[in-house]
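# Descriptive structure summary
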Amino acid sequence: MWEGRWLDVSCPVRCVAIVGGTHGNELNGVYIQRALKMAGVRGEGFDVIMLEANPEAAKLNRRYVEEDLNRCFKVEDLENPGRTSLEQNRAREINEMLGPKKSKTPRADFVLDLHGTTSNSGTALMMHPRDSFSHALASHLQHLDPSVRICHWLDAESATLPSVGRSGLTFEVGPISWGVVEPELYSNSLRLIQAALSYIAAHNSFVEGSSQLQTESCSVDAYARIRPISFPRYEKGEFEGDLQAMLHPNLHGNDFSQLAIGDPIFKRWDGTDIYFDGPEEGSDLTFFFANEAAYYEKNVAFVLARKRKLTIQRLKLS
C-alpha cells in the first residue's frame, strides 16, 4: 500500500537524485546526467546521487529493452515476483537505491528525472498535484524562464520513477528526435537544473533559519492531465487495427493550445476531418504530448488536459 509523503516548505532536503536515461534513446537526459557526474556536481548541504536509470537501453539507443521502465514503479509491481523483465528488475534496484517507495523516509527526498519528447512541449515539469515542494521549485524555475510549464500527473499513485522519492518531477523537454542530443534544449535544461539545485540549497537555509529569506505567494498556470486520446483505427477489413487517420495539423506542434468541442483533432487519409466531441468541455481544455512518437505503441495521439490557476508558496529569491 502506497501513501503520499511529499515534502513541504518546512521539510529539509537531504538527498537529491538526478536521473537520466530512464528511456535509453532520450539522449539529452542521458548526457546531461553523465556531464554532471563527470563534473562532480555537489549540493550545498545535501547529497546528490547521479543515476543512469536504464544503461542497457542506452547502449542500444532504444527506449527500453523489454518494457517501459517508467511504468514499473507501482508498489504492486515492485513487489510482484512474477514480473521479471529487465526493466522491472532494474526498477527494483532503483527502488532500493532511492526508496523504498513504501517508506515514509526514502533515501531520496527529491528525484529529478530527465526526459525528452518528440512533441513540441518546450520544458514541461510533471508532478503529483499534491506535491507542494515540487510546485514551489517548478514555480521558481518558471519565474526564471516563463516558457516552463507545470503539469500534473493524475491524483493517484504514479508508476513513474520519481515517485520512488518523497517528492519529484519528470523534466520533459521537446521537441527532440529519438537518439539525438538537441544543443539548445541541452543548454537550457542544464541551466534550469543548476537553478533547481541552488533553490534547494536556499530552501534548506530557510528551513534551518540560517537565512533572511522569505516566502511569497504566486499565481501560476498548471495543466492537469484528464485522459489520453486514442487514434481512430479500422475495426474490420484489410487494414483492421491500423490507423484510420493522423493527428490533425492544427494540433501537431501546438501543445498546450486551447481545445474546444467541435475542433478537428484527426484527419482521415481522404482528407476529411474527425472532430472532438467531449464529453469534456470548457474554455480551459488543452492538450500536450501531441503526436509523441513513443506513444504510438500505446495508441495515444495526445493527452487531454485542463488548464488551472494555482496559488503557490515559494521562496522569494532574486
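Since the structure is predicted, the reported quantities are computational estimates derived from the model, not experimental observations.

The rules behind the values
Residues numbered from 1 in each chain as written. Predicted model: local features only at pLDDT ≥ 70, side-chain atom pairs only at ≥ 80, totals over all residues. Heavy atoms only, no water. Helix = DSSP H or I, 4+ residues; strand = E, 2+ residues; numbered from the N terminus. Rg over C-alpha atoms; globule rule 2.2 N^0.38 Å. Buried < 20%, exposed > 50% of the residue type's maximum accessible area, 1.4 Å probe, protein only. Contact = heavy atoms within 4.5 Å. Areas by Shrake-Rupley, 256 points an atom, 1.4 Å probe, with all protein chains shown as cover. Lys, Arg positive; Asp, Glu negative; His and termini not counted. Charge placed at Lys NZ, Arg CZ, Asp CG, Glu CD. 1 Å grid on protein atoms, 1.4 Å probe; cavity = no way out; pocket = protein on both sides within 12 Å on 5 of 7 lines; lining within 4 Å. Points joined across faces, edges and corners; volume = space filled by probe spheres on them. Nonpolar A, V, L, I, M, F, W, Y, C, P; charged D, E, K, R; others polar. Pairing = 2+ DSSP bridges. Axes fitted to C-alpha atoms, helices over the stretch in contact; angles between N-to-C directions. Salt bridge = Lys/Arg side-chain N within 4 Å of Asp/Glu carboxyl O.

## Brief notes about the overall build of the protein chain
- Assigned secondary structure in the protein chain consists of six helices and twelve strands.
- Here the C-alpha radius of gyration of the protein chain, 20 Å, is about what a compact globule of 318 residues would show, namely 20 Å.
- Viewed in the frame of its principal axes, the protein chain has a C-alpha envelope of about 70 × 45 × 40 Å.
- The buried share of the protein chain, taken over its 318 residues, is 53%.
- Taking all contacts inside the protein chain whose residues are at least 6 apart in sequence as the whole, residues at least 24 apart take part in 72%.
- Surface accessibility of the protein chain: about 14200 Å² in total, with carbon and sulfur atoms responsible for 49%.
- Here the protein chain contributes 34 positive and 42 negative side-chain charges, whose respective centroids are spaced 4 Å apart.

## Observations concerning the layout of surface pockets
- By volume, the largest pocket is sized at about 660 Å³.
- Around the largest pocket, the lining comprises 30 residues; the ones closest to its centre are Arg71, Trp153, Thr160, Arg225 and Tyr295.
- Of all the secondary-structure elements, those providing two or more residues to the lining of the largest pocket are strand 3 (110-116), strand 6 (167-174), strand 7 (215-230) and strand 12 (300-315).
- Ranked by residues supplied to the lining of the largest pocket, first place goes to strand 7 with four residues.
- Partitioning the lining of the largest pocket into residue classes produces eleven nonpolar, eight polar and eleven charged.

## Quick word on empty space enclosed by the protein
- As enumerated under the stated definition, the model contains four cavities of 30 Å³ or more in all.
- Taken as a whole, the largest cavity spans an internal volume of roughly 70 Å³.
- Taken together, 15 residues make up the lining of the largest cavity; nearest its centre are Trp6, His128, Trp153, Pro162 and Ser163.
- Partitioned by chemical class, the residues of the lining of the largest cavity number five nonpolar, six polar and four charged.
- Of the volumes computed, that of the second largest cavity is approximately 60 Å³.
- Along the wall of the second largest cavity there are 13 residues; nearest its centre are Glu26, Gly116, Thr117, Ile176 and Ser177.

## Description of the sheet that holds strand 9 (residues 264-268)
- Spatially, three strands are ordered 8-9-10 in an open sheet, and the strand pairing comes out antiparallel. The sheet is open, and its two borders are formed by strand 8 (245-247) and strand 10 (273-275), each paired with just one other strand. Neighbour-to-neighbour, the strand axes of the sheet open up by a mean angle of 35°, direction not taken into account.
- Note that strand 8 and strand 9 share three bridges and pair antiparallel. Each residue of the ladder has a partner; that of Leu247, found in strand 9, is Phe266.

## Points about the pattern of salt bridges
- Tallied over the full model, the rule gives 20 salt bridges.
- Among the ionic pairs, Glu93 bridges to Arg90, the shortest N-O distance being 3.0 Å. Taken together, the residues Glu93 and Arg90, both in helix 4 (residues 86-98) and three residues apart, mark about one turn of the helix.
- Overall, the relative accessible area of 15% leaves Arg90 in the buried class.
- When the shortest N-O distance is used, the salt bridge between Asp145 and Arg191 registers 3.7 Å. One end of the pair, Asp145, is in the loop between helix 5 (132-144) and strand 5 (149-152); the other, Arg191, is in helix 6 (residues 183-208), with 46 residues separating them in the sequence.
- Owing to a relative accessible area of 10%, Asp145 belongs among the buried residues under this scheme.
- Under the relative-accessibility criterion, Arg191 is labelled partly exposed at 39%.
- Look at the salt bridges and you will find they share partners, linking Glu26, Arg63, Asp68, Arg71 and Lys298 into a network.

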